[in-house]
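One-letter residues, chain by chain:
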Amino acid sequence: MTEVTQHSEDRRGPVLPPWLKKLAATLLTVAVTLLGLLFVTFMIGRVMPIDPVLAVIGERATQAQYDAAYLELGLDKSLLEQFFIYVRDVLSGDFGKSIRTGQQVTTDIARVFPATLELATLGTIIGIVLGVPLGVMAAVYRGSWIDQTARFVGLIGYSMPIFWLGLVGLLIFYGILDWVEGPGRLGVFYQGLVTERTGLLLVDSAIDGDWTVFKNAFGHIILPAALLGYYSLAYISRMTRSFMLEQLNSEYVTTARVKGLSERKVIWRHAFRNIRIQLITVIALAYANLLEGSVLTEIIFAWPGLGSYITTSLLANDMNSVLGGTVVIGTIFVGLNIFSDLLYRFFDPRAK
Amino acid sequence: MTHRKLLRTTALVAALMGGMAAPVLAETPPNMLVIANRIDDIKTFDPQESFEFAGADVSRNVYEKLVNFDPMDLDAGFGPQLAESWEISEDGKTITFKIAEGHVFSSGNPVTAKDVEFSLRRAVKLDKTPSFIITQFGLTADNVDEMVQATDDMTVSVTLDKQYALSFVLNCLTATIGGIVDMETAMANEVDGDMGNEWLRTNTAGSGPYKVVDWKPNESVLMDLNPNYHGDKPAMERIIVQHIQESATQRLQLERGDIDIARNLSPEDVAGAMEVDGVKVLDEQRGQIMYWAANQKNEMLSDPKVLEALKWSVDYQGMADSFLKGQWIVHQAYLPLTFLGALEDKPFGLDMDKAKAALAESGFPDCGPIKISVREAQERMDIAQSLQNTWGQLGCEVELIVGTGAQTLDRYRAREHDIYVGAWGPDYPDPNTNAGTFAANPDNADEAGNTGYLAWRNAWDAAAFNDGTLAAVVENDTEARKQMYLDSQAQFQQESPFGIMFQRIEQSGLRSNVENWVVGGATTAVSYWVVTK
């Protein structure tokens, strides 16, 4: 018996501390998830009834040029073989070349991702700053005009097509009022003035101390960010309201009130404290949605981001770009999940 | 905030908006041209590989060619550019070009016959998609070193496999692929024997008025003056083309004065922009034609009487006047207007009586199910729906098969469609470009895989046209050549399974101070160097 235990312990090798085990398990989950995502996207791309060769050579090419491109893309190999080659390349950081732009997919994504990151981050910040207090107030003053307004704002956010709101916004704030700058990330005259460090224009121009560029970049981003912020506001405030209502109806709140605590303390110290954790998940979700789902906004505002990159690549059957973009989005989703999980543990002592 | 306060604030905002309703005008600098255009099709700037519209626009302003079109007189046809003169040998197979002095690449290297030799050989050896424009004269990777030779610093001779109409050869050399590249710069950037292809994808090395200084795919192309350009210094020192997808966004920018030119306005936005002070709209006839084609593998659609019935039951004028308003005109021949030999006759109009009579005479008086393959672009879908409606009146059951551009094209090339609704643009400014694709099919067998021929894609034998198409490219008498195309098109209108419907009109929205804006007509691409404002 002892021997058997001894034996099995030998097989287990060195004993890992629990946090390391946890980390290893998390990383393994991430790797498997991403591999699965890669596999599904790759297979969908390959079995779609469109010809990837045509995307490379265009419709006027001869059969010989077609055959050459077919071989170059490795399409003569079996699907599984193609997939393994692809994964091998990806592991060495090579996502292949984009058919559409003729550049490495990694180069393309490095160029478009900061644009999306900047827009989505600002959008989410706007959504949090306005949405959370609005949701809390709506729950506290349930049935009042604040609550009605919050609901109305949410309803509009859900029912108006984003491209329509975008165009109207452009017409009013850019076309008529001249409060914001037009489409694109930066005015044509300001391009190339700041050193590219992070690719985030607001950050780069601030580091350079070039406030004219900062102002122009801010003028360009504020309208699309406000629009995206509005959409996440609608979601965040609705969720905040329902979380808060649940707390406000619970016994400990009544107890706190009976104890004579001020209403402010009851709401913010007690009830709000308890919904922070749920809110983190909601915000992470809203953020991830903005990172991948702002395609229409990007098109209306000519915002050169990841969403429009993946969409146009898909329409042009540029599968390397689509796969590369999907991996990035997948990694973000997984990353945000882990992050919100960690925060969860941090704030919720029970989870520790 | 109380209700009253909220109301007051709302009223204040409304008043503010009303007071400031007049748009605030921005203005672009006088030596800079800012253009909004859809440029997401640019894959490369290498002239020997580039084959997309937005790429051709860049190329025309960066690379000079042996012969080229004068933007201020496109109708005159090609004229000298890098070649100051040319001679033809007695057997008509060798053309010798004398290169003009004084042309200099943006690198500072002078343009010599060696650069011409390098570029033409490169076009053949790289074997990229547009290479057929050059190789159709019998040049191959094996013989091109022999056939294209610089005999001295300023003379280059090009030998072809047989005698062709000179206009045909020179027209082909005005295409993007004829752009002359700086050999020294290209070879200095060569990787693995690619003759600089990889480098020239994102960089330019030409002797034209401009050079590309920055390209962000799907975002913008920036061009500055080539300081060594031999011609008059262009008024526009910097060209900025921004990728703006949406017509409404382009219109807003134009009306605001943030851009000088909007190139993709929808008919509605054109109508709106025309009302605005400081904006004008310019129409230019372009080379693309819109057509439907019937797959001859379908027994019913190969009945000549059925085809006749279908051609009589298309609302050509109705479509042009409604949803296509101003952007396509009725045109029924395979050569676009302004091409040599373009036929202006429009024999078909919407006539349901004639259509029904023809159908009654056919082997399929009840008509049958027809599937129209169409891509999900608005105007194509509108056209397909109009066909569905009028052909439906004949008693045909018409179904639309909608897909992405790639999907419908795949089906078309695999000869799996019934009816395909598509657009076709000339590859080079010579009538043979469209005659060769619409009215020739050297081998109709499935195995032949002649996907480059539209006749083949529709499984149409085209036997009655093959010889005539070949004869026209070797006819050196221009008048006779023109007549050959006119005859061919008249016959094609009646017999072919193609229903050609429209020719494209490009409407550019311009700030009213922009002059000499030329998008290139049916034959070439845009010319920035003549623009003033």
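Along each chain, the written sequence defines residue order, and numbers are assigned to residues from 1. To label them, take the chains in the order written and letter them from A, then take the ligands in the order written and number them from 1. With the structure being a predicted model, the display of local features is reserved for residues of pLDDT at least 70 and the display and counting of side-chain atom pairs for 80 or more, all residues being used for whole-chain, interface and lining totals. With hydrogens and water stripped out, all remaining heavy atoms of the structure feed into the side-chain values.

Moving on: the overall build of chain B. Runs of E in the DSSP output that reach at least two residues are strands. Runs of H or I that reach at least four are helices, and both are numbered from the N terminus. The number of helices and strands found in chain B is 19 helices and 17 strands. Radius of gyration here uses only the C-alpha atoms, and the compact-globule reference equals 2.2 Å multiplied by the residue count raised to the power 0.38. A globule of 533 residues ought to have a C-alpha radius of gyration of about 24 Å, and chain B, at 26 Å, matches this closely. Counting only residues that meet the buried cut, chain B has 58% of its 533 residues in that class. Of the roughly 20600 Å² that chain B leaves accessible, carbon and sulfur atoms contribute 49%. Think of it in three bands: residues with accessible area under 20% of the maximum for their type are buried, residues over 50% are exposed, and the middle band is partly exposed, with areas taken using a 1.4 Å probe on protein chains only. Note on areas: these come from Shrake-Rupley sampling with a 1.4 Å probe, and a residue is covered only by the protein chains present in the view.

What follows covers the interface of chain A and chain B. Note on contacts: a residue pair qualifies if any of its non-hydrogen atoms lie within 4.5 Å across the two residues. With 42 residues of chain A at the contact, the number on the chain B side is 56 residues. Summed over both partners, the accessible area (1.4 Å probe) lost when two parts come together is defined as the buried area. Between chain A and chain B lies a buried interface of about 4300 Å² when both sides are counted; carbon and sulfur atoms form 57% of it. Of the charged contacts in the structure, one is a salt bridge between Lys-97 of chain A and Glu-198 of chain B, with a shortest N-O distance of 3.0 Å. Here a polar contact is taken to be a pair of N or O atoms separated by no more than 3.5 Å, where protein atoms must pair a possible hydrogen donor with a possible acceptor and residues adjacent in sequence count only if both atoms sit in side chains. Our count for the chain A to chain B interface comes out at 10 residue pairs in polar contact (both at pLDDT 80 or more). Note on residue categories: nonpolar means Ala, Val, Leu, Ile, Met, Phe, Trp, Tyr, Cys or Pro, charged means Asp, Glu, Lys or Arg, and polar means any other residue, Gly included. Tallied by class, residues from the side of chain A that touches chain B come to 26 nonpolar, 9 polar and 7 charged. Salt bridge, as used here, is a side-chain nitrogen of Lys or Arg placed within 4 Å of a carboxyl oxygen of Asp or Glu.

All names here are of chain B. What helix H10 (residues 267-274) keeps buried is the set Asp-269, Val-270, Gly-272 and Ala-273. For H10, the buried positions fall inside an angular range of 165° around the axis, keeping them on one side. Of the surrounding secondary structure, the elements contacted by the buried residues of H10 are helix H9 (247-256), strand E12 (279-294) and strand E17 (498-511). An arc is given here, and it is the one of the directions from the helix axis to the C-beta atoms.

On to the sheet that holds strand E7 (residues 155-159) of chain B. Two modes of strand pairing occur in sheets, parallel and antiparallel, and in both the strands are linked by backbone hydrogen bonds. Residue and element names in this part refer to chain B. Sheet architecture is open: 4 strands sit in the order E4-E5-E7-E6, paired in antiparallel fashion. What marks the edges here is a single partner per strand, and that holds for strand E4 (83-88) and strand E6 (148-152). Each adjacent strand pair in this sheet contributes to an overall mean axis angle of 25°, direction not counted. Bridging between E6 and E7 involves 4 bridges; their strand directions are antiparallel. Across the sheet, residue Gln-149 finds its bridge partner in E7, namely Ser-157. Relative to strand E5 (residues 94-99), helix H6 (residues 166-173) is tilted by about 50°, and along the sheet it contacts E4 and E5. Strands were regarded as paired on the criterion that DSSP finds at least two bridges between them. Lines fitted to the C-alpha atoms define the axes, with helices restricted to the stretch that makes contact. Angles between their N-to-C directions range from 0 to 180 degrees.

In this section: a nonpolar patch on the surface. On the surface, a nonpolar cluster with roughly 480 Å² of combined accessible area is contributed by Phe-39, Val-40, Ile-44, Leu-80 and Phe-84 of chain A. With respect to the helices, strands and loops of the structure, Ile-44 of chain A is situated in helix H2 (residues 18-47). Patches draw on residues past 30% relative accessible area with no salt bridge. Two like charges within 9 Å are joined, as are two nonpolar side chains (Val, Leu, Ile, Met, Phe, Trp, Tyr) within 5 Å.

Within this scheme, the nonpolar core is defined by two criteria: the residues are buried Ala, Val, Leu, Ile, Met, Phe, Trp, Tyr or Cys, and they are joined through side-chain atoms within 4.5 Å. Ranked by size, the top nonpolar core spans 66 residues in total, and within it Phe-97, Tyr-291, Tyr-334, Phe-438, Phe-492 and Phe-498 of chain B carry the most contacts. Counting residues per element, this core draws most heavily on H6 of chain B, which supplies 6 residues. The next biggest cluster of nonpolar side chains, apart from the first, holds 52 residues, and it includes Phe-42, Val-180 and Tyr-309 of chain A together with Leu-252 of chain B.

Domain ranges listed in this record stem from an automatic or a database domain assignment. Split by domain assignment, chain A resolves into domain 1 (17-91) and domain 2 (114-316). A C-alpha centroid distance of 35 Å is found between domain 1 of chain A and domain 2 of chain A.

Bringing the packing of aromatic side chains into the picture now. Residues and elements named next belong to chain A. We call Phe, Tyr and Trp rings a pair once their centres come within 6.5 Å, taking the six-membered ring for Trp, and we label the pair stacked below 30 degrees between planes, edge-to-face above 60, and tilted otherwise. Tallied over the full model, the rule gives 33 aromatic pairs over all chains. When the ring of Phe-42 is compared with that of Tyr-86, the centres are 5.7 Å apart and the planes differ by 35°; the resulting orientation is tilted. Within this pair, whereas Phe-42 is found in helix H2, its partner Tyr-86 is found in helix H5 (residues 79-91), the two being separated by 44 residues in sequence. Like Tyr-86, Phe-42 is buried.

As a packed pair, helix H8 (residues 162-176) of chain A and H9 of chain B sit with axes 11 Å apart at the nearest point and diverge in direction by 5°. Considering their axes alone, H8 of chain A and H9 of chain B lie roughly parallel with respect to each other. Contact residues: Leu-167, Leu-170, Leu-171, Tyr-174 and Gly-175 of chain A in H8 of chain A; Ala-248, Thr-249, Leu-252, Gln-253 and Arg-256 of chain B in H9 of chain B. Looking at side-chain class alone, the contact of H8 of chain A with H9 of chain B contains 6 nonpolar, 3 polar and 1 charged residues. If an angle is under 35 degrees, it is roughly parallel; if it is over 145, roughly antiparallel; if it lies from 65 to 115, roughly perpendicular; otherwise it is oblique.

Before going further, it helps to spend a moment on the layout of surface pockets. All names here are of chain B. By volume, the second largest pocket is sized at about 720 Å³. For the lining of the second largest pocket, the secondary structure elements donating two or more residues are helix H4 (132-135), helix H16 (432-438) and helix H18 (463-473). A per-class count over the lining of the second largest pocket returns 10 nonpolar, 15 polar and 3 charged. The definitions used throughout rest on a 1 Å grid laid over the protein atoms alone, on which a cavity is an enclosed set of points accommodating a 1.4 Å probe that cannot get out and a pocket is an open set flanked by protein within 12 Å on both sides along at least five of seven lines; lining residues are those having an atom within 4 Å of a point. Grid points are joined across faces, edges and corners, and a volume is the space filled by probe spheres set on the points.

Residue and element names in this part refer to chain B. Within the structure shown, the criterion is met by 4 cavities of 30 Å³ or more. One number sums up the size of the largest cavity: a volume of about 90 Å³. In this structure, the largest cavity is lined by Leu-120, Ile-134, Phe-137, Leu-139, Val-148, Val-158, Leu-160, Val-169, Cys-172 and Leu-173. Among the residues making up the lining of the largest cavity, the classes are represented as 10 nonpolar, no polar and no charged. As for the second largest cavity, its lining consists of Lys-311, Tyr-316, Gln-332, Phe-348, Phe-492, Gln-493, Ser-496, Phe-498, Gly-499 and Ile-500.

Right, let's talk about the state of the cysteines for a bit. Residue and element names in this part refer to chain B. In plain terms, two cysteine sulfur atoms within 2.5 Å form what is called a disulfide here. In the structure shown here, the tally under the stated rule is 1 disulfide over all chains. Across a sulfur-sulfur distance of 1.9 Å, Cys-367 and Cys-396 are joined as a disulfide pair. On the S-S bond that ties Cys-367 to Cys-396, the torsion sits near 90°, and the link is right-handed. Highlighted residues: Cys-367 in the loop between helix H13 (352-361) and strand E14 (369-375) and Cys-396 in the loop between helix H14 (378-393) and strand E15 (397-403), separated in sequence by 29 residues.

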